[in-house]
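Descriptive structure summary
The chain contents come next:
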Amino acid sequence: MKASEITNGPKPGEIICALSDIEDGKAAEFSYRDKDEVREIFIQRMGQEVFAYENSCPHAYLPLNMKEGVFTEKSGKYFMCQNHGALFDIKSGKCLGGPCNGQGLTPIEVVLKDGNIIAC
Ligand code: FES
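All of these numbers come straight from a predicted model, not from anything done at the bench.

In this section: the sheet that holds strand S7 (residues 87-89). The sheet built from 3 strands is open, its strands ordered S6-S7-S8 with antiparallel pairing. Strand pairing shows two members of the sheet lacking a second neighbour, strand S6 (78-80) and strand S8 (95-97), which therefore form its edges. The mean angle between the axes of side-by-side strands here comes to 40°, regardless of whether they run parallel or antiparallel.

Time to look at the nonpolar core. Generally speaking, nonpolar side chains in soluble globular proteins are found buried as a group. Within the largest apolar cluster, 23 residues are counted, with the highest numbers of intra-cluster contacts made by Ala-27, Ala-28, Ile-41, Phe-42, Ile-43, Ala-52 and Tyr-53. Those elements that provide at least two residues to this core are strand S3 (27-34), strand S4 (37-46), strand S5 (49-54) and S6. Not counting residues within four places of it along the chain, the set of residues in contact with Ile-43 comprises Ile-16, Ile-22, Ala-27, Ala-28, Val-50, Ala-52, Val-110 and Ile-117.

You can see Thr-72 is positioned in the loop between S5 and S6. When the C-alpha atoms of Thr-72 and His-59 are compared, they prove to be 17 Å apart, with 13 residues separating the residues in sequence. When neighbours within four sequence positions are excluded, Thr-72 is seen to be in contact with Tyr-78, Phe-79 and Met-80.

Its location among the elements puts Cys-100 in the loop between S8 and strand S9 (110-113). Given 19 C-beta atoms within a 10 Å radius, Cys-100 is considered partly exposed. The spatial distance from the C-alpha of Cys-100 to the C-alpha of His-84 is 9.7 Å, given a sequence separation of 16 residues. When residues no more than four places from it in sequence are discounted, the contact partners of Cys-100 are Cys-57, Pro-58, His-59, Ala-86 and Cys-95.

The next thing to look at is unusual backbone geometry. Phi angles above zero are rare outside glycine, and Tyr-61 is one such case at about 55°. Structurally, Tyr-61 can be placed in the loop between S5 and S6.

The rules behind these values
- Residues numbered from 1 in each chain as written.
- Predicted model: local features only at pLDDT ≥ 70, side-chain atom pairs only at ≥ 80, totals over all residues.
- Pairing = 2+ DSSP bridges.
- Helix = DSSP H or I, 4+ residues; strand = E, 2+ residues; numbered from the N terminus.
- Axes fitted to C-alpha atoms, helices over the stretch in contact; angles between N-to-C directions.
- Core = buried A, V, L, I, M, F, W, Y, C linked by C-beta atoms within 7 Å.
- Buried ≥ 20, exposed ≤ 12 C-beta atoms within 10 Å, placed from the backbone.
- Contact = placed C-beta atoms within 7 Å.

Next comes the structure, spelled out in structure tokens:
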């Protein structure tokens, strides 16, 4: 899914997008302005579950992906930072290997309700 802009960030209760907007195994990317910074987030769909994080690798604070909507390595089991190959657990965001081993992605709280992904 193409990156979209959320004005002033996701507010609690706000619908970010529909689950069906995200292809299974892929991610939707969003950006929003937070004071003077532009923040980038992504929401990964895994079947009927979603996992949302800031798109910033804890190693060098670079975006993880180089291709739109693709955050996993070939098997689809782990997120992979395309910069230096760090691997992350999809459910927890914890780095499992690579230069930021033991650190983790910053989670974004979302829930699924009635087929919509909603900010918490
Ligand atoms: S920036 Fe992600 S592994 Fe280096």
